[in-house]
Amino acid sequence: MDPNIDPGLLGGMSAAALIIGSLIYLAFIALSLWIGYLIIKAAVRNGLREHTLWLEQRRGPLR
């Protein structure tokens, strides 16, 4: 190790790397949950639309 580098500087960099890594990890989890929410929302919307069309075919137009 270079004797001109302060050991306290390396300790601070590892803490900063831990914080940045944790933020990236949490951002990835949040993005995954948001994409999952959008997929489920689209699936429910399509299912309700298909069910409404099926009901209209059986009984006639809904009000």
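Preceding this paragraph is the structure being described.
Basis of the calculations
- Residues numbered from 1 in each chain as written.
- Predicted model: local features only at pLDDT ≥ 70, side-chain atom pairs only at ≥ 80, totals over all residues.
- Heavy atoms only, no water.
- Helix = DSSP H or I, 4+ residues; strand = E, 2+ residues; numbered from the N terminus.
- Buried < 20%, exposed > 50% of the residue type's maximum accessible area, 1.4 Å probe, protein only.
- Areas by Shrake-Rupley, 256 points an atom, 1.4 Å probe, with all protein chains shown as cover.
- Patch = residues over 30% accessible without salt bridge, like charges linked within 9 Å, V, L, I, M, F, W, Y side chains within 5 Å.
- Salt bridge = Lys/Arg side-chain N within 4 Å of Asp/Glu carboxyl O.

## What about the overall build of the protein?
In terms of helices and strands, the protein carries one helix and zero strands. Taking all 63 residues of the protein together, 3% fall into the buried category. Accessible surface computed for the protein: about 5900 Å², of which carbon and sulfur atoms make up 70%.

## Some thoughts on a nonpolar patch on the surface
Among the surface-exposed residues, Leu-31, Trp-34, Ile-35, Tyr-37, Leu-38 and Ile-39 lie close enough to one another that they form a single nonpolar patch of about 620 Å² accessible area. You can see Ile-35 is positioned in helix α1 (residues 7–59).

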